[in-house]
Amino acid sequence: MIKMSVPMNSDHTPKTLSPTLARERVAKSLKNRHLNEGRFLSYGRAAIGTALLFLMFLFGSILSKGTPGFFQYYVTFDVYLSADELDPYGNASAQSLFDGNARAVLRDGFFNLLDVSGRKNKKAAGKILSEGAEIRLRQMVVDNPSLLNTTQTIKVAVDDDIDSFLRGFISRDAPEDDRRINDTTIAYVDSLQEMGRINYLVSDYLFFGSASRNPEMAGIKGAFFGSILTLSICLILAFPLGVGTAIYLEEFAPKNKLTEFIEVNINNLAAVPSVVFGILGLAVFIGIFGLPRSIPLTGGVVLALMTMPTIIISSRAAIRSVPPSIKDAAYGIGASKVQTVFHHTLPLAMPGMLTGTIIGMAQALGETAPLLMIGMVAFVVDIPSGATDPATVLPVQIFMWADFSERMFVQKTSAAIIILLSFLLVMNAAAIIIRKKLERRW
(Lines give C-alpha, C1' and ligand atoms only; values in the text may rest on other atoms or scores of the structure.)
Protein backbone atom coordinates (compact mmCIF):
# COMPACT_ATOMS: atom_id res chain seq x y z
CA MET A 1 0.00 0.00 0.00
CA ILE A 2 1.33 3.47 -0.92
CA LYS A 3 1.05 6.01 1.91
CA MET A 4 0.81 9.69 1.04
CA SER A 5 0.30 12.72 3.26
CA VAL A 6 -2.77 14.59 2.04
CA PRO A 7 -2.74 18.40 2.61
CA MET A 8 -5.67 19.64 4.73
CA ASN A 9 -7.63 22.89 4.79
CA SER A 10 -8.05 24.96 7.94
CA ASP A 11 -11.41 23.31 8.54
CA HIS A 12 -9.71 19.88 8.37
CA THR A 13 -11.15 18.98 5.01
CA PRO A 14 -8.73 17.60 2.43
CA LYS A 15 -7.49 19.98 -0.20
CA THR A 16 -8.15 19.12 -3.78
CA LEU A 17 -4.91 18.36 -5.62
CA SER A 18 -4.42 19.13 -9.25
CA PRO A 19 -4.01 16.07 -11.52
CA THR A 20 -0.46 17.10 -12.35
CA LEU A 21 0.58 17.40 -8.70
CA ALA A 22 -1.08 14.09 -7.85
CA ARG A 23 0.74 12.34 -10.70
CA GLU A 24 4.06 13.83 -9.53
CA ARG A 25 3.52 12.60 -5.99
CA VAL A 26 2.53 9.12 -7.14
CA ALA A 27 5.54 8.97 -9.47
CA LYS A 28 7.85 10.06 -6.62
CA SER A 29 6.37 7.44 -4.31
CA LEU A 30 6.74 4.72 -6.93
CA LYS A 31 10.34 5.77 -7.55
CA ASN A 32 11.17 5.48 -3.84
CA ARG A 33 9.48 2.10 -3.67
CA HIS A 34 11.42 0.84 -6.69
CA LEU A 35 14.65 2.13 -5.17
CA ASN A 36 13.94 0.31 -1.91
CA GLU A 37 13.11 -2.89 -3.77
CA GLY A 38 16.27 -2.60 -5.85
CA ARG A 39 18.32 -2.01 -2.71
CA PHE A 40 16.78 -5.08 -1.07
CA LEU A 41 17.53 -7.21 -4.14
CA SER A 42 21.11 -5.93 -4.13
CA TYR A 43 21.53 -6.96 -0.49
CA GLY A 44 20.18 -10.42 -1.30
CA ARG A 45 22.46 -10.85 -4.31
CA ALA A 46 25.44 -9.63 -2.26
CA ALA A 47 24.65 -12.16 0.48
CA ILE A 48 24.34 -15.00 -2.05
CA GLY A 49 27.53 -13.91 -3.79
CA THR A 50 29.42 -13.79 -0.49
CA ALA A 51 28.16 -17.26 0.44
CA LEU A 52 29.16 -18.64 -2.97
CA LEU A 53 32.57 -16.99 -2.65
CA PHE A 54 33.24 -18.66 0.69
CA LEU A 55 31.93 -21.96 -0.70
CA MET A 56 34.23 -21.71 -3.73
CA PHE A 57 37.14 -20.88 -1.44
CA LEU A 58 36.34 -23.92 0.75
CA PHE A 59 36.04 -26.33 -2.16
CA GLY A 60 39.04 -24.80 -3.90
CA SER A 61 41.14 -25.30 -0.78
CA ILE A 62 39.96 -28.90 -0.40
CA LEU A 63 40.53 -29.71 -4.08
CA SER A 64 43.96 -28.06 -4.21
CA LYS A 65 45.15 -30.05 -1.19
CA GLY A 66 43.16 -33.20 -1.87
CA THR A 67 43.84 -33.77 -5.58
CA PRO A 68 47.55 -34.59 -4.97
CA GLY A 69 46.36 -37.08 -2.35
CA PHE A 70 44.87 -39.23 -5.12
CA PHE A 71 48.37 -39.73 -6.53
CA GLN A 72 51.69 -40.90 -5.17
CA TYR A 73 55.13 -41.96 -6.39
CA TYR A 74 55.92 -45.59 -7.21
CA VAL A 75 59.17 -47.33 -8.02
CA THR A 76 59.23 -50.25 -10.46
CA PHE A 77 61.92 -52.97 -10.60
CA ASP A 78 62.42 -56.69 -11.23
CA VAL A 79 62.49 -59.20 -8.37
CA TYR A 80 63.44 -62.88 -8.40
CA LEU A 81 60.81 -64.65 -6.24
CA SER A 82 63.02 -67.26 -4.61
CA ALA A 83 60.94 -70.11 -3.17
CA ASP A 84 63.63 -70.86 -0.60
CA GLU A 85 63.39 -67.33 0.79
CA LEU A 86 59.66 -66.70 0.42
CA ASP A 87 58.25 -70.16 1.16
CA PRO A 88 60.43 -71.83 3.82
CA TYR A 89 57.84 -74.59 4.54
CA GLY A 90 57.41 -75.39 0.86
CA ASN A 91 53.59 -75.47 0.91
CA ALA A 92 52.82 -71.92 -0.29
CA SER A 93 50.52 -71.42 2.68
CA ALA A 94 49.79 -68.01 4.13
CA GLN A 95 51.74 -68.90 7.28
CA SER A 96 54.77 -70.07 5.28
CA LEU A 97 54.79 -66.92 3.16
CA PHE A 98 54.37 -64.80 6.27
CA ASP A 99 57.40 -66.46 7.88
CA GLY A 100 59.43 -66.11 4.68
CA ASN A 101 61.98 -63.36 4.16
CA ALA A 102 60.08 -61.18 1.69
CA ARG A 103 62.08 -58.15 2.77
CA ALA A 104 65.38 -59.70 1.71
CA VAL A 105 63.96 -60.82 -1.65
CA LEU A 106 62.62 -57.36 -2.34
CA ARG A 107 65.83 -55.58 -1.39
CA ASP A 108 68.02 -57.93 -3.40
CA GLY A 109 66.14 -57.02 -6.57
CA PHE A 110 66.21 -53.32 -5.71
CA PHE A 111 69.91 -53.27 -4.85
CA ASN A 112 70.76 -55.14 -8.06
CA LEU A 113 68.96 -52.44 -10.05
CA LEU A 114 70.99 -49.68 -8.39
CA ASP A 115 74.20 -51.75 -8.16
CA VAL A 116 74.43 -51.00 -4.45
CA SER A 117 77.19 -52.45 -2.31
CA GLY A 118 78.27 -51.76 1.24
CA ARG A 119 76.18 -51.62 4.37
CA LYS A 120 75.97 -47.83 4.46
CA ASN A 121 74.87 -47.53 0.86
CA LYS A 122 72.31 -50.33 1.25
CA LYS A 123 70.86 -48.55 4.26
CA ALA A 124 70.58 -45.31 2.29
CA ALA A 125 69.01 -47.04 -0.72
CA GLY A 126 66.66 -49.06 1.45
CA LYS A 127 65.05 -45.85 2.75
CA ILE A 128 63.55 -45.30 -0.70
CA LEU A 129 61.17 -48.26 -0.41
CA SER A 130 58.04 -48.14 1.69
CA GLU A 131 57.99 -50.34 4.77
CA GLY A 132 54.87 -51.97 3.35
CA ALA A 133 56.47 -52.99 0.06
CA GLU A 134 57.06 -56.53 1.31
CA ILE A 135 53.33 -56.84 2.09
CA ARG A 136 52.52 -56.23 -1.56
CA LEU A 137 55.14 -58.77 -2.66
CA ARG A 138 53.84 -61.38 -0.24
CA GLN A 139 50.22 -60.79 -1.34
CA MET A 140 51.22 -61.19 -4.98
CA VAL A 141 52.62 -64.66 -4.23
CA VAL A 142 49.60 -65.60 -2.08
CA ASP A 143 47.28 -64.76 -4.99
CA ASN A 144 49.40 -66.71 -7.48
CA PRO A 145 51.87 -69.26 -5.96
CA SER A 146 53.01 -70.29 -9.44
CA LEU A 147 55.11 -67.10 -9.53
CA LEU A 148 57.66 -68.67 -7.17
CA ASN A 149 61.13 -69.13 -8.69
CA THR A 150 60.35 -66.62 -11.46
CA THR A 151 61.44 -63.06 -12.08
CA GLN A 152 58.58 -60.59 -11.88
CA THR A 153 58.25 -56.82 -12.22
CA ILE A 154 56.82 -55.27 -9.08
CA LYS A 155 55.55 -51.76 -8.47
CA VAL A 156 55.68 -50.51 -4.87
CA ALA A 157 55.23 -47.14 -3.22
CA VAL A 158 58.22 -45.09 -2.17
CA ASP A 159 58.63 -44.04 1.45
CA ASP A 160 56.67 -40.95 2.53
CA ASP A 161 59.90 -38.96 3.03
CA ILE A 162 60.95 -39.73 -0.55
CA ASP A 163 57.44 -38.84 -1.75
CA SER A 164 57.66 -35.50 0.08
CA PHE A 165 61.07 -34.88 -1.48
CA LEU A 166 59.77 -35.59 -4.98
CA ARG A 167 56.82 -33.25 -4.38
CA GLY A 168 59.20 -30.48 -3.37
CA PHE A 169 58.41 -30.36 0.35
CA ILE A 170 61.99 -31.38 1.20
CA SER A 171 64.66 -29.29 -0.48
CA ARG A 172 67.92 -30.83 -1.61
CA ASP A 173 69.57 -27.43 -1.01
CA ALA A 174 68.92 -27.61 2.72
CA PRO A 175 71.80 -28.78 4.94
CA GLU A 176 71.98 -32.56 5.16
CA ASP A 177 71.58 -32.52 8.94
CA ASP A 178 68.30 -30.63 8.57
CA ARG A 179 66.83 -33.15 6.12
CA ARG A 180 65.18 -36.50 6.85
CA ILE A 181 66.99 -38.05 3.88
CA ASN A 182 70.73 -37.82 3.25
CA ASP A 183 72.65 -36.98 0.10
CA THR A 184 73.34 -40.63 -0.73
CA THR A 185 69.62 -41.44 -0.76
CA ILE A 186 68.93 -38.41 -2.95
CA ALA A 187 71.60 -39.58 -5.40
CA TYR A 188 69.88 -42.97 -5.69
CA VAL A 189 66.53 -41.25 -6.23
CA ASP A 190 68.08 -39.20 -9.05
CA SER A 191 69.42 -42.39 -10.62
CA LEU A 192 66.02 -44.04 -10.49
CA GLN A 193 64.42 -41.01 -12.15
CA GLU A 194 67.02 -41.05 -14.90
CA MET A 195 66.21 -44.72 -15.53
CA GLY A 196 62.48 -43.94 -15.61
CA ARG A 197 61.80 -46.23 -12.67
CA ILE A 198 59.91 -43.67 -10.56
CA ASN A 199 56.40 -42.74 -11.72
CA TYR A 200 53.66 -40.46 -10.39
CA LEU A 201 50.50 -42.60 -10.56
CA VAL A 202 46.99 -42.83 -9.15
CA SER A 203 47.26 -44.19 -5.63
CA ASP A 204 45.79 -47.67 -5.40
CA TYR A 205 46.79 -47.65 -1.73
CA LEU A 206 44.28 -44.84 -1.09
CA PHE A 207 41.36 -46.78 -2.53
CA PHE A 208 42.33 -50.35 -1.64
CA GLY A 209 44.43 -49.86 1.48
CA SER A 210 43.25 -49.68 5.05
CA ALA A 211 44.39 -48.01 8.27
CA SER A 212 48.16 -47.68 8.55
CA ARG A 213 50.72 -45.60 10.43
CA ASN A 214 52.71 -45.31 7.20
CA PRO A 215 51.05 -42.57 5.13
CA GLU A 216 52.08 -44.03 1.78
CA MET A 217 50.17 -47.25 2.66
CA ALA A 218 47.12 -45.68 4.30
CA GLY A 219 43.76 -46.07 2.56
CA ILE A 220 40.03 -45.65 3.06
CA LYS A 221 38.74 -49.08 2.03
CA GLY A 222 38.09 -50.29 5.58
CA ALA A 223 36.51 -47.01 6.66
CA PHE A 224 34.39 -46.89 3.49
CA PHE A 225 32.88 -50.32 4.10
CA GLY A 226 32.46 -49.44 7.78
CA SER A 227 30.50 -46.32 6.78
CA ILE A 228 28.26 -48.32 4.43
CA LEU A 229 27.48 -50.92 7.12
CA THR A 230 26.87 -48.29 9.80
CA LEU A 231 24.62 -46.14 7.59
CA SER A 232 22.71 -49.21 6.40
CA ILE A 233 21.87 -50.16 9.99
CA CYS A 234 20.98 -46.54 10.74
CA LEU A 235 18.60 -46.39 7.75
CA ILE A 236 17.01 -49.79 8.48
CA LEU A 237 16.22 -48.70 12.05
CA ALA A 238 15.52 -44.97 11.72
CA PHE A 239 13.36 -44.80 8.59
CA PRO A 240 10.56 -47.27 9.47
CA LEU A 241 10.49 -46.25 13.14
CA GLY A 242 10.51 -42.54 12.30
CA VAL A 243 7.80 -42.83 9.64
CA GLY A 244 5.70 -45.12 11.84
CA THR A 245 5.95 -42.69 14.76
CA ALA A 246 4.98 -39.76 12.55
CA ILE A 247 1.93 -41.62 11.18
CA TYR A 248 0.79 -42.58 14.65
CA LEU A 249 1.21 -39.11 16.15
CA GLU A 250 -0.40 -37.35 13.20
CA GLU A 251 -3.24 -39.71 12.31
CA PHE A 252 -4.06 -42.05 15.18
CA ALA A 253 -2.79 -40.67 18.52
CA PRO A 254 -5.35 -38.86 20.70
CA LYS A 255 -4.65 -35.19 21.29
CA ASN A 256 -3.95 -35.08 25.02
CA LYS A 257 -1.19 -33.98 27.37
CA LEU A 258 0.76 -37.21 26.92
CA THR A 259 1.05 -36.83 23.15
CA GLU A 260 1.89 -33.13 23.57
CA PHE A 261 4.66 -34.12 25.98
CA ILE A 262 5.99 -36.65 23.45
CA GLU A 263 5.89 -34.10 20.61
CA VAL A 264 7.75 -31.48 22.65
CA ASN A 265 10.47 -33.97 23.56
CA ILE A 266 10.86 -35.10 19.94
CA ASN A 267 11.37 -31.48 18.91
CA ASN A 268 13.89 -31.02 21.72
CA LEU A 269 15.80 -34.18 20.75
CA ALA A 270 16.33 -32.80 17.25
CA ALA A 271 18.42 -29.99 18.79
CA VAL A 272 20.43 -32.13 21.25
CA PRO A 273 24.20 -32.14 20.52
CA SER A 274 25.29 -35.34 18.82
CA VAL A 275 27.86 -36.15 21.50
CA VAL A 276 24.99 -36.69 23.96
CA PHE A 277 23.75 -39.58 21.82
CA GLY A 278 27.28 -40.99 21.94
CA ILE A 279 27.22 -40.85 25.75
CA LEU A 280 23.80 -42.53 25.69
CA GLY A 281 25.12 -45.30 23.45
CA LEU A 282 28.16 -45.78 25.68
CA ALA A 283 26.07 -45.97 28.85
CA VAL A 284 23.13 -48.03 27.55
CA PHE A 285 24.14 -50.19 24.60
CA ILE A 286 27.72 -50.87 25.73
CA GLY A 287 27.44 -50.47 29.49
CA ILE A 288 24.07 -52.18 30.07
CA PHE A 289 23.41 -54.40 27.04
CA GLY A 290 27.08 -55.29 26.58
CA LEU A 291 27.37 -54.64 22.85
CA PRO A 292 30.99 -54.63 21.62
CA ARG A 293 32.73 -51.32 21.04
CA SER A 294 33.78 -50.15 17.61
CA ILE A 295 31.35 -52.21 15.53
CA PRO A 296 28.90 -50.94 12.87
CA LEU A 297 25.94 -52.40 14.77
CA THR A 298 26.49 -50.18 17.81
CA GLY A 299 27.36 -47.18 15.66
CA GLY A 300 24.27 -47.66 13.49
CA VAL A 301 21.94 -47.85 16.52
CA VAL A 302 23.43 -44.66 18.00
CA LEU A 303 23.15 -42.79 14.69
CA ALA A 304 19.56 -44.06 14.28
CA LEU A 305 18.62 -42.50 17.62
CA MET A 306 20.22 -39.24 16.54
CA THR A 307 18.55 -39.25 13.10
CA MET A 308 15.05 -40.33 14.13
CA PRO A 309 13.79 -36.94 15.46
CA THR A 310 14.62 -35.28 12.14
CA ILE A 311 12.76 -37.99 10.20
CA ILE A 312 9.74 -37.79 12.53
CA ILE A 313 9.44 -34.00 12.27
CA SER A 314 9.79 -33.92 8.48
CA SER A 315 7.42 -36.88 8.05
CA ARG A 316 4.72 -35.22 10.14
CA ALA A 317 5.06 -32.05 8.09
CA ALA A 318 4.75 -34.11 4.89
CA ILE A 319 1.58 -35.81 6.19
CA ARG A 320 0.03 -32.46 7.10
CA SER A 321 0.78 -31.16 3.59
CA VAL A 322 -1.51 -33.75 1.97
CA PRO A 323 -4.75 -31.95 0.93
CA PRO A 324 -7.73 -32.81 3.17
CA SER A 325 -9.81 -33.35 0.03
CA ILE A 326 -7.78 -36.53 -0.69
CA LYS A 327 -8.73 -37.96 2.70
CA ASP A 328 -12.34 -36.82 2.42
CA ALA A 329 -12.64 -38.48 -0.99
CA ALA A 330 -11.28 -41.74 0.43
CA TYR A 331 -13.70 -41.62 3.35
CA GLY A 332 -16.51 -40.79 0.94
CA ILE A 333 -16.09 -44.04 -0.99
CA GLY A 334 -16.02 -46.09 2.20
CA ALA A 335 -12.30 -46.42 2.96
CA SER A 336 -11.33 -47.05 6.56
CA LYS A 337 -8.89 -44.92 8.51
CA VAL A 338 -6.04 -47.39 7.94
CA GLN A 339 -6.81 -47.69 4.23
CA THR A 340 -6.92 -43.92 3.84
CA VAL A 341 -3.56 -43.49 5.57
CA PHE A 342 -1.65 -46.25 3.79
CA HIS A 343 -3.29 -46.08 0.35
CA HIS A 344 -3.62 -42.32 -0.05
CA THR A 345 -1.89 -40.20 2.60
CA LEU A 346 1.37 -42.15 2.85
CA PRO A 347 2.10 -42.38 -0.92
CA LEU A 348 1.50 -38.63 -1.32
CA ALA A 349 3.61 -37.78 1.74
CA MET A 350 6.47 -40.15 0.87
CA PRO A 351 8.55 -37.58 -1.13
CA GLY A 352 8.56 -35.24 1.86
CA MET A 353 9.46 -38.11 4.16
CA LEU A 354 12.36 -39.05 1.92
CA THR A 355 13.56 -35.44 2.01
CA GLY A 356 13.75 -35.59 5.80
CA THR A 357 15.49 -38.95 5.58
CA ILE A 358 18.08 -37.52 3.19
CA ILE A 359 18.81 -34.69 5.64
CA GLY A 360 19.07 -37.11 8.55
CA MET A 361 21.31 -39.57 6.72
CA ALA A 362 23.56 -36.75 5.49
CA GLN A 363 23.93 -35.62 9.09
CA ALA A 364 24.69 -39.19 10.20
CA LEU A 365 27.28 -39.65 7.42
CA GLY A 366 29.37 -36.74 8.68
CA GLU A 367 29.07 -37.37 12.42
CA THR A 368 32.21 -38.11 14.40
CA ALA A 369 31.54 -37.24 18.05
CA PRO A 370 28.99 -39.99 18.91
CA LEU A 371 31.13 -42.63 17.19
CA LEU A 372 34.21 -41.52 19.09
CA MET A 373 32.30 -42.05 22.33
CA ILE A 374 31.52 -45.68 21.46
CA GLY A 375 35.10 -46.50 20.47
CA MET A 376 34.97 -46.43 16.67
CA VAL A 377 38.25 -44.51 16.75
CA ALA A 378 40.06 -47.85 17.20
CA PHE A 379 42.93 -48.66 14.82
CA VAL A 380 41.30 -51.31 12.60
CA VAL A 381 43.36 -52.76 9.74
CA ASP A 382 41.02 -55.52 8.54
CA ILE A 383 38.09 -54.86 6.20
CA PRO A 384 34.78 -55.47 8.03
CA SER A 385 32.69 -58.26 6.53
CA GLY A 386 29.66 -57.83 8.77
CA ALA A 387 27.90 -55.57 11.23
CA THR A 388 29.62 -57.19 14.21
CA ASP A 389 33.20 -56.93 12.92
CA PRO A 390 35.45 -54.16 14.30
CA ALA A 391 35.38 -51.16 11.98
CA THR A 392 35.72 -47.42 11.71
CA VAL A 393 33.99 -44.89 9.44
CA LEU A 394 35.17 -42.23 7.02
CA PRO A 395 34.69 -39.16 9.30
CA VAL A 396 36.60 -40.88 12.11
CA GLN A 397 39.33 -41.96 9.68
CA ILE A 398 39.67 -38.34 8.51
CA PHE A 399 39.81 -37.21 12.15
CA MET A 400 42.60 -39.70 12.88
CA TRP A 401 44.64 -38.78 9.80
CA ALA A 402 44.36 -35.08 10.59
CA ASP A 403 46.08 -35.77 13.92
CA PHE A 404 49.17 -37.39 12.34
CA SER A 405 52.24 -35.26 11.73
CA GLU A 406 53.50 -36.73 8.44
CA ARG A 407 53.14 -34.40 5.47
CA MET A 408 51.56 -37.03 3.23
CA PHE A 409 48.65 -37.45 5.65
CA VAL A 410 47.62 -33.82 4.96
CA GLN A 411 47.01 -34.64 1.31
CA LYS A 412 45.34 -37.98 2.05
CA THR A 413 43.06 -36.29 4.60
CA SER A 414 41.87 -33.81 1.96
CA ALA A 415 41.48 -36.64 -0.57
CA ALA A 416 39.36 -38.57 1.95
CA ILE A 417 37.20 -35.46 2.48
CA ILE A 418 36.60 -35.30 -1.29
CA ILE A 419 35.62 -38.98 -1.28
CA LEU A 420 33.28 -38.38 1.68
CA LEU A 421 31.61 -35.45 -0.12
CA SER A 422 31.30 -37.54 -3.30
CA PHE A 423 29.73 -40.36 -1.27
CA LEU A 424 27.25 -37.84 0.16
CA LEU A 425 26.39 -36.47 -3.30
CA VAL A 426 25.83 -39.95 -4.73
CA MET A 427 23.65 -40.92 -1.77
CA ASN A 428 21.60 -37.73 -2.06
CA ALA A 429 21.27 -38.09 -5.83
CA ALA A 430 19.96 -41.64 -5.46
CA ALA A 431 17.45 -40.53 -2.83
CA ILE A 432 16.30 -37.62 -5.01
CA ILE A 433 15.78 -39.93 -7.99
CA ILE A 434 13.71 -42.29 -5.84
CA ARG A 435 11.74 -39.36 -4.47
CA LYS A 436 10.98 -38.08 -7.98
CA LYS A 437 9.74 -41.50 -9.06
CA LEU A 438 7.41 -41.69 -6.05
CA GLU A 439 6.20 -38.11 -6.32
CA ARG A 440 2.57 -37.62 -7.27
CA ARG A 441 0.91 -34.40 -8.45
CA TRP A 442 -2.62 -33.33 -7.58
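Please read all numbers here as calculations on a predicted model, not as lab measurements.

**Concerning the overall build of the protein chain**
Argument step 1. The number of helices and strands found in the protein chain is 18 helices and 3 strands.
Argument step 2. Computed over C-alpha atoms, the radius of gyration of the protein chain comes to 33 Å, more than 25% over the 22 Å expected from 2.2 N^0.38 for 442 residues, which places it beyond the range of a compact globule.
Argument step 3. Seen along its three principal axes, the alpha-carbon backbone of the protein chain occupies a region of about 115 × 65 × 40 Å.
Argument step 4. For the protein chain, the residues scored as buried account for 42% of the 442 residues in total.
Argument step 5. For the protein chain, the proportion of contacts with a sequence separation of at least 24, taken over those separated by at least 6, is 75%.
Argument step 6. Counting every atom, the protein chain has about 24,100 Å² of accessible surface; 61% of that belongs to carbon and sulfur.
Argument step 7. For the protein chain, the separation between the mean place of its 41 positive charges and that of its 37 negative charges on side chains is 16 Å.

**Points about the sheet that holds strand β2 (residues 151-157)**
Argument step 1. Ordered by their spatial adjacency, 3 strands build an open sheet running β2-β1-β3, and the pairing between neighbours is antiparallel. Looking at which strands have only one partner, the edges of the open sheet turn out to be β2 and β3 (198-202). Averaged over all adjacent pairs, the angle separating strand axes in this sheet is 40°, with direction ignored.
Argument step 2. In terms of strand pairing, strand β1 (residues 71-80) meets β3 through 5 bridges, oriented antiparallel. Following the sheet pairing, F71 is matched in β3 by V202.
Argument step 3. Running over the sheet, helix α6 (residues 133-143) touches β1 and β2 and is turned about 140° from β2.

**Examining a nonpolar patch on the surface**
Argument step 1. Among the surface-exposed residues, I48, L52, L55, L58, F59 and L63 lie close enough to one another that they form a single nonpolar patch of about 540 Å² accessible area.
Argument step 2. Inspection of the secondary structure puts I48 in helix α1 (residues 19-66).
Argument step 3. Overall, I48 belongs to the exposed group, its relative accessible area being 53%.

**Side note on the nonpolar core**
Argument step 1. Core analysis: the biggest nonpolar cluster contains 56 residues, and L206, I220, M353, L371 and W401 have the highest contact counts within it.
Argument step 2. Elements represented by at least two residues in this core include exactly α10 (221-252), α12 (274-286), α13 (296-320), α15 (337-365), α17 (394-402) and α18 (407-438).
Argument step 3. In this view, L371 contacts G299, L303, M376, V377, V393 and V396; residues no more than four positions away in its chain are not counted.
Argument step 4. L148, I162, L166 and I198 belong to the second-largest nonpolar core, a separate cluster that totals 37 residues.

**Examining unusual backbone geometry**
Argument step 1. One non-glycine residue, D115, lies in positive phi territory at about 55°.
Argument step 2. Structurally, the position occupied by D115 is in the loop between α4 (102-114) and α5 (119-126).
Argument step 3. D115 sits in the exposed class, given a relative accessible area of 66%.
Argument step 4. Non-glycine residue N149 carries a positive phi angle of around 65°.
Argument step 5. Structurally, N149 is set in the loop between α6 and β2.

**Some words on the side chain of E251**
Argument step 1. As for its position among the elements, E251 is in helix α10.
Argument step 2. At 3.2 Å, the side chain of E251 and the side chain of K337 are in polar contact.
Argument step 3. Excluding residues that lie within four positions of it along the chain, E251 makes contacts with I319, K327, K337, V341 and T345.

**Here we look at the packing of aromatic side chains**
Argument step 1. Taken as a whole and judged by the stated rule, the model has 11 aromatic pairs.
Argument step 2. Here the aromatic rings of F404 and F409 are separated by 4.8 Å at their centres, their planes lie at 55°, and the arrangement is tilted.
Argument step 3. By the ring-pair criterion, three or more aromatic residues cluster together here, those being F71, Y73 and Y200.
Argument step 4. Lying over the aromatic face of Y74, K155 brings its terminal NZ or CZ to 4.9 Å of the ring centre.
Argument step 5. Between the NZ or CZ atom of R407 and the centre of the ring of F169, over which it lies, the distance is 4.0 Å.

Cut-offs and rules
Residues numbered from 1 in each chain as written. Predicted model: local features only at pLDDT ≥ 70, side-chain atom pairs only at ≥ 80, totals over all residues. Heavy atoms only, no water. Helix = DSSP H or I, 4+ residues; strand = E, 2+ residues; numbered from the N terminus. Rg over C-alpha atoms; globule rule 2.2 N^0.38 Å. Buried < 20%, exposed > 50% of the residue type's maximum accessible area, 1.4 Å probe, protein only. Contact = heavy atoms within 4.5 Å. Areas by Shrake-Rupley, 256 points an atom, 1.4 Å probe, with all protein chains shown as cover. Lys, Arg positive; Asp, Glu negative; His and termini not counted. Charge placed at Lys NZ, Arg CZ, Asp CG, Glu CD. Pairing = 2+ DSSP bridges. Axes fitted to C-alpha atoms, helices over the stretch in contact; angles between N-to-C directions. Patch = residues over 30% accessible without salt bridge, like charges linked within 9 Å, V, L, I, M, F, W, Y side chains within 5 Å. Salt bridge = Lys/Arg side-chain N within 4 Å of Asp/Glu carboxyl O. Core = buried A, V, L, I, M, F, W, Y, C linked by side-chain atoms within 4.5 Å. Polar contact = N/O pair within 3.5 Å; in protein donor to acceptor, adjacent residues only side chain to side chain. Phe/Tyr/Trp six-rings, centres within 6.5 Å; stacked < 30°, edge-to-face > 60°. Lys NZ or Arg CZ within 6 Å of the ring centre and 35° of its normal.

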